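# Structural description and commentary
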Amino acid sequence: LALASGEAKLVQVRACAGGSTSGQACTAYQFDVRRLASAQAALSQLLVTADSGRLDCALSPPFSPGVPVYRAKVPYGAEADIDVEAARGGFVSFTSFAAAEHHALSRHVARKRRRGRPVVDVYVVAANRQGQRKYHVILEYQANADTALSSVRSNVGRVLPLGRRSAHQFLLKVPLHARQVAISATARDREGASLSLRGRTG
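Treat the numbers as computed from the prediction; the structure is a model and nothing was measured. (Residues numbered from 1 in each chain as written. Predicted model: local features only at pLDDT ≥ 70, side-chain atom pairs only at ≥ 80, totals over all residues. Heavy atoms only, no water.)

### Points about the overall build of the chain
Helices and strands together make up the secondary structure of the chain, namely zero helices and 15 strands. Expressed as a percentage of the 202 residues in the chain, the buried residues total 24%. A separation threshold of at least 6 residues defines the contact pool for the chain, and within that pool the share at least 24 residues apart is 55%. Looking at the chain as shown, the accessible area adds up to about 14,300 Å², and 49% of this sits on carbon and sulfur atoms. (Helix = DSSP H or I, 4+ residues; strand = E, 2+ residues; numbered from the N terminus. Buried < 20%, exposed > 50% of the residue type's maximum accessible area, 1.4 Å probe, protein only. Contact = heavy atoms within 4.5 Å. Areas by Shrake-Rupley, 256 points an atom, 1.4 Å probe, with all protein chains shown as cover.)

Here is the structure:
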């Protein structure tokens, strides 16, 4: 007899004496069979992905139902998706225990600020609606490793790369009558990179 969590079925059994099937020597029994709902409030799955699910974000520590706090590293420029599933027929929510009505949920976390570590709370309610557990997922957005320049300019002359494939050395031809030279550069990562200009004069 297969029963889902919290399910009940009425089972009838007939016992007959001497192999009789006429019903005169038979007694009928009824059993109210119920499978109690689980009191365990826990997650059976916690996944954090980026790039529309194409990239898994490692959890620290690795997922275990009894661990309540996790950190997930999200690549630079990506937005995260969190997928959770409750264990033993429980219910989950990203807002509160009272709102837990689904066995599994997904949430997209848009990155609105460059700095900071967003924390996503996961609320789990047991199948019997009594047990509760709260999880925390801290999203750590990785810094950009791009140090390339998108442009180098000067107020006089032209800035030319030294060689066809050079991206680190440039040549500036300054006219003879020029008295002041100003050089400016723009990073390809305008949001996160910082620039400083240093050099020799003479």
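Once the structure has been displayed, the description carries forward.
### Quick word on the state of the cysteines
Counted by the stated rule, this structure contains one disulfide. Residue pairing for cysteine 16: its cysteine sulfur links by disulfide to cysteine 26, the two sulfurs lying 1.9 Å apart. Across the S-S bond of cysteine 16 and cysteine 26 the torsion is about 110°, and the bridge reads as right-handed. Of this pair, cysteine 16 sits in strand β1 (residues 8-16) while cysteine 26 sits in strand β2 (residues 26-34), and the two are ten residues apart along the sequence. (Disulfide = S-S within 2.5 Å.)

### Some details on the nonpolar core
Ranked by internal contacts, the top residues of the largest apolar core, which has 27 residues, are Val48, Ile82 and Leu139. Among the elements of the structure, β3 (43-50), β6 (69-74), β7 (80-86), β10 (119-125) and β11 (132-141) are those that each provide at least two residues to this core. Apart from the residues lying within four places of it in its own chain, the contact partners of leucine 139 are Val48, Ala72, Val74, Ala80, Val109, Arg117, Pro118 and Val120. (Core = buried A, V, L, I, M, F, W, Y, C linked by side-chain atoms within 4.5 Å.)

### What to know about the pattern of salt bridges
Across all of its chains, the model carries four salt bridges by this definition. Among the ionic pairs, arginine 129 bridges to glutamate 101, the shortest N-O distance being 3.3 Å. In this pair, arginine 129 is assigned in the loop between β10 and β11 and glutamate 101 in the loop between β8 (91-93) and β9 (104-109), connecting sequence segments 28 residues apart. Residue class for arginine 129 comes out partly exposed when judged on its relative accessible area of 40%. A relative accessible area of 49% places glutamate 101 in the partly exposed class. Taken together, the shared-partner salt bridges in this structure form one network comprising Arg71, Arg117 and Glu140. (Salt bridge = Lys/Arg side-chain N within 4 Å of Asp/Glu carboxyl O.)

### Thoughts on the environment of alanine 182
With respect to the element layout, alanine 182 can be found in the loop between β14 (170-172) and β15 (183-187). Given the relative accessible area of 41%, alanine 182 is considered partly exposed. Taking the C-alpha atoms as reference points, alanine 182 and asparagine 155, 27 residues apart in sequence, are found 5.6 Å from one another. Setting aside anything within four residues of it in sequence, one finds alanine 182 in contact with Arg153, Ser154 and Asn155.

### Thoughts on the sheet that holds β6
Reading across the sheet, the five strands line up as β5-β6-β11-β10-β8 and stay open at both edges, with mixed pairing between neighbours. The sheet is open, and its two edges are formed by β5 (59-60) and β8, each paired on a single side. Bridge count between β10 and β11: seven bridges; the pairing is antiparallel. Considered in β11, the bridge of valine 122 is made with tyrosine 135. (Pairing = 2+ DSSP bridges.)

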